[in-house]
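Topology and contacts: notes
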Amino acid sequence: MDVNGTVAEGFEPVRDAFVRNFEALGERGAAVAVYRDGRRVVDLWGGARDVDGTEPWQRGTAQVIRSATKGVAAAVPLLLHQRGELDLDAPVGEYWPEFKAHGKDRVLVRHVLNHRAGLPLLDHPITPEEALDPYRGPEAVAAQAPVWEPGTDHGYHALTYGWMLDELVRRVTGQSAGEWIADTIAGPLGLDLWLGLPSAEEAAGRPGRVGPLADVPEPAPGPGPRVRPKRAVTEAYDDPDSLTRRAFSAITPFPDQNDPAYRASALPATNGIATADGLARFYAALIGEVDGTRLFDPATVEAARAEESAGPDRVLVVTTRFGLGYMLHGSASPLLGPGSFGHPGRGGALGFADPETGIALGYVTNGFRKTVTADPRAQALVRAVRTVLKD
């Protein structure tokens, strides 16, 4: 396997782990980037740009990052709060009056970000065509009744998270979350990261084709999360009436992720597109300066990673921990250490920051596994970074 790019002295174990992902875990094409204290120390890519092709991955190849999008989108309401433009403890209906229907007047902005809104599903799922309309998803959520008392419990809002966040941002700023990210985050930082891929980037062939990995061997037993899900988790995904299945079916059937129309749309829960460097550089700028630009002040960093929800997740059926818009280090999604915050993407991608070490990591892939929050390939890279820091 030809792996391209560079690693700073001392970070060679990350390259070794990246190569092993191709040799032992069926990786088809991927990239990883790591920043430390605002400086890039790992920049690697390899394999094919398309999961079903042979054209080589280039340094600028970008991929759909699925739910790793949530961590990028979460920065928008937190930055609006940092600027005094959004009150995290205000009812959502204060900004979005139509949302108050069916007892949702008790849903706070905070509940959207910590997955306690009680709105993980739609009783009437929307179609892929409706999902491309930026107003249809928010309208459906506004018409939905909570399935538990808002604020009393948590469960992963797989798709509805994005519609609630997007409409809140639109009501406060007049822009969609994707437009705000482009103007205020990606532009100033020079990020190859989009929520709504511009037509020029599509025409330039920036995104690779994504898809499932077939016949992936099970990794040898060792430290880290279980790869084979527990029976309860499997049953939850198989049961069409479970909260799990219904949450992930809020769009039915799910859109073709390789459709240019899907990539051009902006679903802040699922369809961000990024290079590994774009994702890592974003997280680096959350916790420190990157070329003179810093996004979160120290108080916002603490708000992002302060535990808001923890325990059995009513949707994912495992123990999860959330801050405000970010997954926190834990058994379901191990990150670098107890102070880390970020977000995985179902089946592969991962982005996170660790303020204590100054580390920010971005990993993107074109091959999706059945994992939800802790992909073995991403975890191998995290363990390699942890090894570097211990040496």
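Everything here concerns the structure above.
All of the points below concern the structure found in this document.

Concerning helix 13 (residues 276-287)
The end-to-end C-alpha separation of helix 13 is 17 Å, in line with the 16 Å expected for twelve residues at 1.5 Å each. Most of helix 13 sits inside the fold, with twelve of its twelve residues counted as buried. Three or more residues of helix 13 are buried, namely Ala-276, Asp-277, Gly-278, Leu-279, Ala-280, Arg-281, Phe-282, Tyr-283, Ala-284, Ala-285, Leu-286 and Ile-287.

Describing the pattern of salt bridges
Considering all chains together, one arrives at 25 salt bridges under this definition. As a salt-bridge pair, Glu-308 and Arg-110 come within 2.7 Å of each other at their nearest N and O atoms. Pair noted here: Glu-308 is in the loop between helix 14 (298-305) and strand 8 (309-312) and Arg-110 is in helix 4 (residues 109-113), with a separation of 198 residues, a long-range link. Arg-170 is the partner of Glu-167 in a salt bridge, and the nearest nitrogen-oxygen pair spans 3.7 Å. Here Glu-167 and its partner Arg-170 are both found in helix 7 (residues 160-173), three residues apart, which amounts to about one turn of the helix. Using a relative accessible area of 6% as the deciding quantity, one classes Glu-167 as buried. Owing to a relative accessible area of 16%, Arg-170 belongs among the buried residues under this scheme. Connected via shared salt-bridge partners are Glu-98, Asp-166, Glu-167, Arg-170 and Arg-171.

Thoughts on the environment of Ala-261
Tracing the backbone shows Ala-261 in helix 12 (residues 260-264). The class for Ala-261 is partly exposed, based on a relative accessible area of 35%.

Here's the deal with the environment of Leu-243
Considering the arrangement of structural elements, one finds Leu-243 in helix 11 (residues 243-248). In this structure, the C-alpha to C-alpha distance between Leu-243 and Lys-70, residues 173 residues apart in sequence, is 20 Å. Not counting residues within four places of it along the chain, the set of residues in contact with Leu-243 comprises Leu-121, Val-147, Trp-148, Arg-314 and Val-315.

A word on a negative patch on the surface
Taken together, the side chains of Glu-235, Asp-238, Asp-239 and Asp-241 define an acidic patch exposed on the protein surface. The residue Asp-238 is located in helix 10 (residues 231-238) in this model. The class for Asp-238 is exposed, based on a relative accessible area of 53%.

A closer look at the packing of aromatic side chains
One pass over the full model with this rule turns up ten aromatic pairs. Pairing Tyr-156 with Phe-322 gives two aromatic rings, centres 6.2 Å apart and planes at 10°, and the pair type is stacked. Of this pair, Tyr-156 sits in the loop between helix 6 (136-142) and helix 7 while Phe-322 sits in strand 9 (residues 319-322); the two residues are 166 residues apart in sequence, bridging distant segments of the chain. Since its relative accessible area comes to 0%, Phe-322 is described here as buried. One aromatic cluster is present, formed by Tyr-156, Tyr-237, Phe-248 and Phe-322 through successive ring pairs. Positioned above the aromatic ring of Phe-368 is the side chain of Arg-66, whose terminal nitrogen or guanidinium carbon lies 3.8 Å from the ring centre. A cation sits over an aromatic face here: Arg-346 above Phe-248, 4.5 Å from the ring centre.

What counts as what
- Residues numbered from 1 in each chain as written.
- Predicted model: local features only at pLDDT ≥ 70, side-chain atom pairs only at ≥ 80, totals over all residues.
- Heavy atoms only, no water.
- Helix = DSSP H or I, 4+ residues; strand = E, 2+ residues; numbered from the N terminus.
- Expected span 1.5 Å × (residues − 1).
- Buried < 20%, exposed > 50% of the residue type's maximum accessible area, 1.4 Å probe, protein only.
- Salt bridge = Lys/Arg side-chain N within 4 Å of Asp/Glu carboxyl O.
- Contact = heavy atoms within 4.5 Å.
- Patch = residues over 30% accessible without salt bridge, like charges linked within 9 Å, V, L, I, M, F, W, Y side chains within 5 Å.
- Areas by Shrake-Rupley, 256 points an atom, 1.4 Å probe, with all protein chains shown as cover.
- Lys, Arg positive; Asp, Glu negative; His and termini not counted.
- Charge placed at Lys NZ, Arg CZ, Asp CG, Glu CD.
- Phe/Tyr/Trp six-rings, centres within 6.5 Å; stacked < 30°, edge-to-face > 60°.
- Lys NZ or Arg CZ within 6 Å of the ring centre and 35° of its normal.

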